[in-house]
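Structural description and commentary
Here's the letter readout for the chains.
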Amino acid sequence: MKKTSLDRILQSQGFGSRKGCRELIEEGEVSVGGEVVTNWRTEFDPEGLTFTVFDEEWEFREHVYLVLNKPAGYECSRKPSSHPGVLSLFPENFEWRDVQTVGRLDHDTTGLLLLSDDGAFIHAQSSPKRHQPKTYVATTAEPVSDKLVAALLAGVKLHDEPAPLAALACRKLDDNRIEIVLDQGKYHQVKRMLAAAGNHCAALTRSAIGPVQLADLNLEEGEWRYLTTEELALLGWE
Ligand code: URA
């Protein structure tokens, strides 16, 4: 990559305004290769660059692709109103980089959530044309019956939808748990489909997006990490 001054590099990584990044550098808070750099005009090749800010090590990333095991009680909205936003679970500089969620989960829904600052990735992943199947596990208030499974597979009519919506796949996991695979992401879709089929969703987790399974990610609730190249490839992003 083209050599770039350290203040620009830090700004691109979300460490604040250009002025703020220059101050950080001049105050001796930034090191590259173990050496404190106090001249913000010093140029580096950003590719593969590692640096520390306030003693924390960072690797230059043109974009970030993230996965969170979302806990309950967090909103996906950029301007959360009644609960903290999911971005509060990430380092502060991610908000500066304009990291956004890929689609949304309700504040009380847990599980797999992708985030990125790459608009093309967000668009591609959330585009209805992609038909990326999303798998949910719902805990139901009433027992899961064969009739419920059949209704969700056949399609249920929701108030504001012109045509019935059907699950791509659906199976009973145990008396009060059902797995539902959808290829759309309408507002409260799982909860509304369960209600329309005569049950009630008591708790909801997203367990997979396409072939990426929450259970394989080794993330506790509230934990996040960068997606690996292999996981991005599984999501069709190479
Ligand atoms: N369907 C819902 O009802 N809620 C979610 O958070 C996701 C899918």
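Residues numbered from 1 in each chain as written. Predicted model: local features only at pLDDT ≥ 70, side-chain atom pairs only at ≥ 80, totals over all residues. Heavy atoms only, no water.

If you check an unreviewed UniProt entry, the protein chain appears there as Pseudouridine synthase from Formivibrio citricus. According to the UniProt record, the Catalytic activity (unreviewed entry) comment for the protein chain is "uridine(516) in 16S rRNA = pseudouridine(516) in 16S rRNA". (UniProt positions renumbered as here; feature names shortened; annotations may be inferred.)

Quick look at the UniProt feature "domain: RNA-binding S4" (unreviewed entry) in the protein chain now. Feature annotation in UniProt assigns "domain: RNA-binding S4" (unreviewed entry) to the following positions: residues 6-38. Taken end to end, residues 6-38 comprises 48% helix and 15% strand; its first and last C-alpha atoms sit 10 Å apart. (Helix = DSSP H or I, 4+ residues; strand = E, 2+ residues; numbered from the N terminus.)

Let's shift gears to the pairing of strand S6 (residues 56-59). Strand direction decides the pairing type here: strand S5 (residues 50-53) and S6, joined by four bridges, are antiparallel. Residue pairing in the sheet places valine 53 in a bridge with glutamate 56 of S6. Between S5 and the antiparallel strand that follows it, S6, lie two residues; phenylalanine 54 among them carries a positive phi value of about 50°. (Pairing = 2+ DSSP bridges.)

Formed by 48 residues in total, the largest nonpolar core has its most connected members in Leu115, Ile178, Ile180 and Leu194. With sequence-adjacent residues up to four places away left out, leucine 194 is seen in contact with Ala138, Thr140, Leu148, Leu152, Ile178, Ile180, Asn199 and Cys201. Within the second largest apolar cluster, 15 residues are counted, among which are Tyr65, Leu114, Ile209 and Leu219. (Core = buried A, V, L, I, M, F, W, Y, C linked by side-chain atoms within 4.5 Å. Buried < 20%, exposed > 50% of the residue type's maximum accessible area, 1.4 Å probe, protein only. Contact = heavy atoms within 4.5 Å.)

You can read the domains of the protein chain as domain 1 (4-59), domain 2 (65-128 + 216-233) and domain 3 (133-209). Of note, the centres of domain 1 and domain 3, computed from C-alpha atoms alone, are 48 Å apart. (Domains from an automatic or database assignment.)

Attention now moves to the side chain of asparagine 199. Position of asparagine 199 relative to the elements: it lies in the loop between helix H6 (189-196) and strand S13 (201-209). Within the structure, asparagine 199 has its side chain in polar contact with the backbone oxygen of glutamate 142 (distance 3.0 Å). (Polar contact = N/O pair within 3.5 Å; in protein donor to acceptor, adjacent residues only side chain to side chain.)

Looking now at the sheet that holds strand S2 (residues 30-32). Across the sheet, which stays open at both edges, the four strands sit in the order S3-S2-S5-S6 with antiparallel pairing between neighbours. Each of the sheet's edge strands pairs with one partner strand only, and the pair in question is strand S3 (35-36) and S6.

Surrounding the ligand, one finds Leu105, Asp106, Thr109, Tyr136, His188, Gln189, Val190, Lys191 and Leu204. Contacts to the ligand include aspartate 106, whose side-chain N or O atom sits 2.7 Å from a nitrogen atom. Backbone polar atom of valine 190 to a nitrogen atom of the ligand: 3.1 Å apart, as the coordinates give it. In isolation the ligand has 240 Å² of accessible area, and contact with the protein removes 95% of it. Because more than half of its atoms lie within 2 Å of the grid, the ligand is assigned to the largest pocket. For the shell around the ligand, the element with the highest residue contribution is H6, accounting for three residues. Both of domain 2 (65-128 + 216-233) and domain 3 (133-209) provide at least three residues apiece to the shell around the ligand. (Near = heavy atom within 4 Å. Areas by Shrake-Rupley, 256 points an atom, 1.4 Å probe, with all protein chains shown as cover. 1 Å grid on protein atoms, 1.4 Å probe; cavity = no way out; pocket = protein on both sides within 12 Å on 5 of 7 lines; lining within 4 Å. Sits in = over half its atoms within 2 Å of the grid points.)

Rolled over the atoms, a probe as big as a water molecule pinpoints where empty space is left. A volume near 780 Å³ is recorded for the largest pocket. Around the largest pocket sit 35 residues that line it, and Gly103, Arg104, Leu105, Gly185 and Lys186 are the ones nearest its centre. Elements that contribute at least two residues to the lining of the largest pocket include exactly strand S9 (109-116), helix H4 (119-126), strand S10 (134-140), H6 and S13. A breakdown of the residues in the lining of the largest pocket according to their chemical character gives 11 nonpolar, 15 polar and nine charged. Here the lining of the largest pocket spans two domains, and each of domain 2 (65-128 + 216-233) and domain 3 (133-209) adds at least three residues to it. Considering only enclosed or pocket space, the second largest pocket measures out at about 360 Å³ in volume. Together, 19 residues line the second largest pocket, and Phe60, Arg61, Glu62, His63 and Tyr65 are the ones closest to its centre. Considering every element that reaches the lining of the second largest pocket, the biggest residue donor is helix H7 (residues 229-234), with three residues. Viewed by domain, the lining of the second largest pocket spans two of them, domain 1 (4-59) and domain 2 (65-128 + 216-233), each represented by three or more residues. (Points joined across faces, edges and corners; volume = space filled by probe spheres on them. Nonpolar A, V, L, I, M, F, W, Y, C, P; charged D, E, K, R; others polar.)

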